[in-house]
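Residues per chain, in single letters:
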Amino acid sequence: MAISGLAMTGSVATAGEVGALGCTATGADKDATAYNKAFTTTVNIRSGRSTNCVSLGVGYTSHTVDIHCTSTYNGEDWTYLRNVNTGVKGWVKTSLLDWPNHRLVMC
């Protein structure tokens, strides 16, 4: 049940959170490589590291991204990035990035 923008689960939640997922988290720009990475498919760029977090925008295979850093949550790697084409910043599952010869720069 949501009340005034608060997500309610079994515990007390704060604005912008889905349980303990923290759907307002950001990642520092720690990856200094060029903007040559792209999406493998059409993806949702999310406010946090979960498909339960809201979509802030969409990334298409024709778009390039500026990778900031990667974080593991619930056994899955998520990457915080900026879509160079749209300017939207957010989280995408790392497995959805066309990222040959990648190195993970942890948040």
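The structure this text deals with has already been given above.
Residues numbered from 1 in each chain as written. Predicted model: local features only at pLDDT ≥ 70, side-chain atom pairs only at ≥ 80, totals over all residues. Heavy atoms only, no water.

Right, let's talk about the nonpolar core for a bit. Phe-39, Val-43, Ile-45, Val-65, Ile-67, Leu-81, Val-92, Leu-97 and Trp-99 together form the largest nonpolar core, which totals 9 residues. Sorting the residues of this core by element identifies strand 4 (43-46) and strand 6 (64-73) as the ones contributing at least two each. Dropping the residues within four chain positions of it, Val-43 is found in contact with Gly-57, Val-58, Gly-59, Val-92 and Leu-96. Judged by nonpolar contacts, the second largest core, of 5 residues, contains Cys-69, Tyr-73, Trp-78 and Tyr-80. (Core = buried A, V, L, I, M, F, W, Y, C linked by side-chain atoms within 4.5 Å. Buried < 20%, exposed > 50% of the residue type's maximum accessible area, 1.4 Å probe, protein only. Helix = DSSP H or I, 4+ residues; strand = E, 2+ residues; numbered from the N terminus. Contact = heavy atoms within 4.5 Å.)

One pass over the structure, following the stated rule, counts 2 salt bridges. For Arg-82, the salt bridge identified is with Asp-66, shortest N-O distance 3.6 Å. Placement of Arg-82 in strand 7 (residues 76-83) and of Asp-66 in strand 6 is noted, with a sequence separation of 16 residues between them. Like Asp-66, Arg-82 is buried. For the salt bridge of Lys-93 with Glu-76, the shortest nitrogen-to-oxygen distance reads 3.2 Å. With a gap of 17 residues between them, Lys-93 in strand 8 (residues 89-93) and Glu-76 in strand 7 connect regions that are remote in the sequence. (Salt bridge = Lys/Arg side-chain N within 4 Å of Asp/Glu carboxyl O.)

Before going further, it helps to examine the side chain of Asn-83. Relative to the helices and strands, Asn-83 resides in strand 7. Side-chain polar atoms of Asn-83 contact the backbone nitrogen of Thr-86, separated by 3.3 Å. Aside from chain neighbours lying at most four places away, what touches Asn-83 is Phe-39, Ile-45, Val-58, Gly-59, His-63, Thr-64, Val-65 and Val-88. (Polar contact = N/O pair within 3.5 Å; in protein donor to acceptor, adjacent residues only side chain to side chain.)

Summarising the element assignment, Gly-22 is placed in the loop between strand 2 (6-7) and strand 3 (37-39). Sequence separation between Gly-22 and Arg-49 is 27 residues; the distance between their C-alpha atoms is 7.9 Å.

Take the state of the cysteines next. If you walk through the whole model with that rule in mind, you get 2 disulfides. The disulfide that involves Cys-23 links it to Cys-53, with 1.9 Å between the sulfurs. Note on the Cys-23 and Cys-53 pair: the S-S dihedral is about -70°, so by sign convention the disulfide is left-handed. Pair noted here: Cys-23 is in the loop between strand 2 and strand 3 and Cys-53 is in the loop between strand 4 and strand 5 (55-59), with a separation of 30 residues, a long-range link. Judged by relative accessible area, Cys-23 falls into the buried class, the value being 5%. Given the relative accessible area of 2%, Cys-53 is considered buried. Put simply, Cys-69 and Cys-107 are joined by a disulfide, and their sulfur atoms are 2.0 Å apart. One disulfide, between Cys-69 and Cys-107, carries an S-S torsion of 90° and so falls in the right-handed class. (Disulfide = S-S within 2.5 Å.)

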